[in-house]
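# Structural overview for review
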Amino acid sequence: MTAAEVIKSLAQAAGEINRATALANEKIQRASDEAILTIKKASKTVSIMINDAIDAANEKIFRTAETEIAKAVGEEEAEFFDLAPLKDRWAKRK
Amino acid sequence: MSRRIIDCYYTMNDYLSHVRSLEDLHDLIEVDLTSGTEEATKRLIGDVKAATAKISADAEQIVARVHAETEAAVVRLTAEAERGINDINKDAAKAAADLVRDSKPGGGSKEDAVAANKILKDAEAATINLNKKAQVALLALAKLSEETVFKFNRITESAIRELADVEQAAVKKVSDAGKNAAAKFPTTTNNETQDNESLQ
């Protein structure tokens, strides 16, 4: 009878510990998923930011080259300058 | 079953495997109430310690993974930005050189040189700007990574604290039950054991 009472308490205690361990595991699993996802999302955002900055720089160089060449040699002559690689780099990235 | 669920399932069993089966503890108490209760309590504490150690080790791995993911992203994105800067400089230099070389037969005029210089200057400004933007973005990523690790560590510490609280309450419950039983029936187990020995 006395052993049965202690065993009952023990069963409850072991059950509580099992539940608490599972709960702790669940919490950490959720937090871990969230942490990894946060970094992946942030990496993607930074990648977009950097690519946008590269695009903006490429566009600026293309526009400057186009304008300066036209100013220096005139609109008609400017057509003979091959700016396609500059334009392509910017347009392709877009 | 998806990979994540399988991982969770194994992880869960992994944690619970640190908590001893009730059957083991049951046997201890049946053999001798006082020492059995004490031993069962000790084992419960040991089991929670083992589960906590496993949780801490896994949490450290997660933190290492967050750092590794961040570092890999920074390396990849830095290389991407450097490639972009090199391409811009190369393209600007080529456009400027073409302008000086091809504009007029026999060499470039002063206007061509000024225009070529403007292209190069703009390219320089564009690459400086790009470099700054990339640095700011990468620093923000590194900061976010540290904040994420800090938040994750806090959650882990809180989970471990909660587990420790449950452990203390559970141990107290078993210990109290043992003490109550011993107080109510101080000689039961010894007598029972002696009786059994006499009978044998």
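Since the structure is predicted, the reported quantities are computational estimates derived from the model, not experimental observations.

## Digging into the packing of helix α3 (residues 33-102) of chain B against helix α4 (residues 110-184) of chain B
Relative orientation and spacing of two packed helices are given, respectively, by the angle between their axes and the distance between those axes. Between α3 of chain B and α4 of chain B, the least distance of the axes is 10 Å, while the angle of their chain directions is 175°. By the angle between their axes, α3 of chain B is roughly antiparallel relative to α4 of chain B.

## Examining the confidence of the model for chain B
Residue and element names in this part refer to chain B. On average, residues of chain B score 79 in pLDDT, and 76% of them reach the 70 mark or higher. Scored below 50 in pLDDT, residues 1-13 shows 6 contacts in the model against residues more than four places distant or in partner chains. Throughout residues 188-200 the model reports pLDDT below 50, and contacts reaching past four residues in sequence, or to other chains, amount to 4 contacts. Here the complex is predicted with pTM 0.73, and the ipTM for its interfaces comes to 0.77.

## Digging into the environment of Asp87 of chain B
All names here are of chain B. Structurally, Asp87 can be placed in helix α3. Judged by the 19 C-beta atoms lying within 10 Å of it, Asp87 falls in the partly exposed class. Once the C-alpha coordinates of Asp87 and Leu77 are considered, the two residues, 10 residues apart in sequence, prove to be 15 Å apart.

## Brief notes about the interface of chain A and chain B
The interface is formed by 53 residues belonging to chain A together with 77 residues belonging to chain B. For the side of chain A that touches chain B, the elements supplying multiple residues, two or more each, are α1 (2-73) and α3 (84-93) of chain A. Across the side of chain A that touches chain B, the residue classes tally to 32 nonpolar, 13 polar and 8 charged.

## Some remarks on the environment of Ala142 of chain B
Residues and elements named next belong to chain B. Along the chain, Ala142 falls in helix α4. Overall, the presence of 17 C-beta atoms within 10 Å leaves Ala142 in the partly exposed class. In this structure, the C-alpha to C-alpha distance between Ala142 and His67, residues 75 residues apart in sequence, is 8.8 Å. Residues contacting Ala142, with those up to four places away along its chain left out, are Thr70 and Val74.

Cut-off values and rules
Residues numbered from 1 in each chain as written. Chains lettered and ligands numbered in written order. Predicted model: local features only at pLDDT ≥ 70, side-chain atom pairs only at ≥ 80, totals over all residues. Axes fitted to C-alpha atoms, helices over the stretch in contact; angles between N-to-C directions. Helix = DSSP H or I, 4+ residues; strand = E, 2+ residues; numbered from the N terminus. Parallel < 35°, antiparallel > 145°, perpendicular 65-115°, else oblique. pLDDT = per-residue confidence, 0-100. Contact = placed C-beta atoms within 7 Å. Buried ≥ 20, exposed ≤ 12 C-beta atoms within 10 Å, placed from the backbone. Nonpolar A, V, L, I, M, F, W, Y, C, P; charged D, E, K, R; others polar.

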